[in-house]
Amino acid sequence: MTDINTAVRSPAKSARRSLPESPFLVAARGGRPARVPVWFMRQAGRSLPEYRALRAGTKMLAACFDPDLVCEITMQPVRRHGVDAAILFSDIVVPLVAAGVDLDIVAGTGPVVASPIRSAEAVAALPTLDAEQVEPVAQAVRLLTSALGDTALIGFAGAPFTLASYLVEGGPSRNHERTKALMYSDPATWHALLDRLADIAMTFLRAQLAAGVDAVQLFDSWAGALSLKDYREFVLPHSSKVLSGLADAGVPRIHFGVGTGHLLGAMREAGADVVGVDWRTPLDTAVSRLAAVPGFESGPVVQGNLDPAALFAGDEVVRREVARIISEGQAAQGHVFNLGHGVLPETDPDVLTKVVDLVHGSTR
Ligand code: CP3
């Protein structure tokens, strides 16, 4: 019989499946599986007609708190494309909503916050997250670990900077001007905000780990808007709190951002086992930058980096780009094939399936 006290004290280890053969997990740990593993950021979503059918009449956030729906939507791209990993269907703002922040995801726009956070008082009033508040997400993870068979499940959270950008701006932003204004003009309030967001991200990821996810990805989608100096001063300590704080879980930790070619070394330093690379930086260039980071025993593991727009350019281009990326990825200790950012909604899903077949059929 399971000792309930032990299970509660070390839940991150108790629910985890053992998937020693998973090509995704082998590569993420710096090994060379028999085939290059592949999954796509935003693989679950509007590119799939079966997703659009299932989501009809249900708001995005309501879907994220419905375990059966989350399970089914997460499974759709696994069944259709044969990818090597599923990513939990959720959103970076889900833990904020669960904690009680008044925000909505508006179709075609993204997260919109009712009262943007721009003062020390607003930061002090930001609620904390209890694991119980994301219980429907944990329930979805438990359903998925039995539905998935041998396919790995990736959990995720938004990184403190990217979450802060939505909270401070009140919605999506091109230049992040209010976010940077707070960061530069009131560093104490800034650091207090990011510290709270790091705690929320950590609680969200710990809940997913306790329920059984096999890897985690920290999305710092908008960190590329910062210089390396500012990233180190204003962001790195907080992302590091999240990633280093999860080292004891023993699962691969992926760290991803867009336009982060100049930040890749610092993003590894934050405590990443795998660094996600967008299409602007060739993987072999990324590997040499990552290899220069001191303190790591093994070579860099990278994830990426096909330009999602290249999927619109026809068979020849897709074939050529996939081959180039696999060849450049050989510079790494481990390579997980992915896009350089999320699947665009207009993407032909058959082209995604084709990419999976090309990657799996490649000879290194
Ligand atoms: O990758 C996956 O398949 C898992 C699902 C996933 C979603 N959001 C579902 C979603 C993941 C990993 C996210 C993370 C997320 N959300 C990020 C980081 C990743 C990235 O793209 O950089 C960010 C910045 C957000 C914030 C957000 N949520 C945006 C910008 C949008 C798109 C707005 C729009 O309508 O174009 C959302 C909504 C959202 N999240 C959708 C999906 C499938 C679309 C909503 C819908 O289908 O109605």
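Rules behind the numbers
Residues numbered from 1 in each chain as written. Predicted model: local features only at pLDDT ≥ 70, side-chain atom pairs only at ≥ 80, totals over all residues. Heavy atoms only, no water. Phe/Tyr/Trp six-rings, centres within 6.5 Å; stacked < 30°, edge-to-face > 60°. Helix = DSSP H or I, 4+ residues; strand = E, 2+ residues; numbered from the N terminus. Lys NZ or Arg CZ within 6 Å of the ring centre and 35° of its normal. Core = buried A, V, L, I, M, F, W, Y, C linked by side-chain atoms within 4.5 Å. Buried < 20%, exposed > 50% of the residue type's maximum accessible area, 1.4 Å probe, protein only. Contact = heavy atoms within 4.5 Å. Pairing = 2+ DSSP bridges. Axes fitted to C-alpha atoms, helices over the stretch in contact; angles between N-to-C directions. Salt bridge = Lys/Arg side-chain N within 4 Å of Asp/Glu carboxyl O. Polar contact = N/O pair within 3.5 Å; in protein donor to acceptor, adjacent residues only side chain to side chain. Expected span 1.5 Å × (residues − 1). Bend = angle between axes of the 7 residues up to and from the residue. Near = heavy atom within 4 Å. Areas by Shrake-Rupley, 256 points an atom, 1.4 Å probe, with all protein chains shown as cover.

**Regarding the packing of aromatic side chains**
Under the defined criterion, the tally for this structure stands at five aromatic pairs. Aromatic side chains tyrosine 184 and phenylalanine 234 sit 6.0 Å apart centroid to centroid with 90° between the ring planes, which places their arrangement in the edge-to-face category. With a gap of 50 residues between them, tyrosine 184 in helix 11 (residues 177-185) and phenylalanine 234 in helix 13 (residues 228-234) connect regions that are remote in the sequence. Seen from the ring of phenylalanine 296, arginine 268 lies directly overhead, with NZ or CZ sitting 3.9 Å from the centre.

**Comments concerning the nonpolar core**
With 129 residues, the main nonpolar core has Phe24, Leu193 and Phe337 as its most contacted residues. A total of 13 residues in this core trace back to one element, the largest contributor, which is helix 12 (residues 187-211). Among residues more than four places away in sequence, those in contact with leucine 193 are Ile117, Val123, Leu126, Ala164, Val168 and Leu182.

**Points about the sheet that holds strand 6 (residues 253-256)**
Taken together, the seven strands give an open sheet; going across it, the order is 1-4-5-6-7-8-9, and neighbouring strands pair in parallel fashion. The open sheet is flanked by strand 1 (85-87) and strand 9 (334-339), the only strands paired with a single partner. The sheet shows a mean angle of 25° between the axes of neighbouring strands, taken without regard to direction. When strand 8 (residues 301-306) meets strand 9, the two strands line up parallel, connected through six bridges. Residue asparagine 305 lies in a different strand from strand 9, and its bridge partner there is asparagine 338.

**A few points about the pattern of salt bridges**
Under the counting rule described, the total for this entry stands at 18 salt bridges. Taking the shortest distance from any N to any O, the salt bridge between aspartate 104 and lysine 59 comes out at 2.9 Å. One end of the pair, aspartate 104, is in strand 2 (residues 103-106); the other, lysine 59, is in the loop between helix 4 (49-55) and helix 5 (60-64), with 45 residues separating them in the sequence. On the accessibility criterion, lysine 59 (51% relative accessible area) is exposed. A salt bridge links arginine 280 to aspartate 278; the nearest nitrogen and oxygen atoms lie 2.3 Å apart. Ionic contacts of the salt-bridge type, sharing partners, join the residues Arg320, Glu321, Arg324 and Glu328 into one network.

**Some words on the side chain of histidine 335**
Positionally, histidine 335 belongs in strand 9. For histidine 335, a relative accessible area of 8% corresponds to the buried category. Of the polar contacts made by the side chain of histidine 335, one reaches the backbone oxygen of glycine 304; its length is 3.0 Å. If we skip the residues at most four places from it in the chain, histidine 335 touches Ala27, Val36, Pro37, Leu283, Val302, Gly304, Ile325, Ile326 and Gly329.

**Comments concerning helix 6 (residues 67-81)**
Relative to the 21 Å expected for 15 residues at 1.5 Å per residue, helix 6 spans 22 Å between its end C-alpha atoms, a close match to the ideal helical length. Taking the largest bend as the criterion, helix 6 deviates by roughly 25°, centred on methionine 75, and proline proline 77 comes between one and four positions later. Extensive coverage of helix 6 is indicated by the burial of 11 of its 15 residues. Residues Pro67, Leu69, Val70, Cys71, Ile73, Thr74, Met75, Gln76, Pro77, Val78 and His81 constitute the buried set of helix 6. Check the buried side of helix 6 and you find it contacts helix 4, helix 5, strand 1, helix 9 (135-147), strand 4 (152-158) and helix 18 (349-361). One or two positions beyond helix 6, positive phi appears at glycine 82, with a value near 70°.

**Side note on the site of the ligand**
Close contacts around the ligand come from 26 residues, with Arg42, Tyr51, Asp91, Ser221 and His341 the closest. Tyrosine 51 is positioned such that a nitrogen or oxygen atom in its side chain is 2.6 Å from an oxygen atom of the ligand. Computed on the free molecule, the ligand has an accessible area of 880 Å², of which 91% lies beneath the protein chains in the complex. Elements with a minimum of two residues in the shell around the ligand: helix 4 and strand 3 (110-113).

**Let's talk about unusual backbone geometry**
Put simply, glycine 304 and asparagine 305 share a cis peptide bond, and its omega is -10°. For asparagine 305, the position within the fold is in strand 8. Although it is not a glycine, arginine 42 adopts a positive phi angle of roughly 60°. Tracing the backbone shows arginine 42 in the loop between helix 3 (23-28) and helix 4. What makes arginine 42 exposed here is its relative accessible area of 55%. In the Ramachandran plot, histidine 176 falls in the positive-phi region, its phi being about 55° despite a non-glycine side chain. Residue placement: histidine 176 occurs in the loop between helix 10 (160-169) and helix 11. On the accessibility criterion, histidine 176 (4% relative accessible area) is buried.

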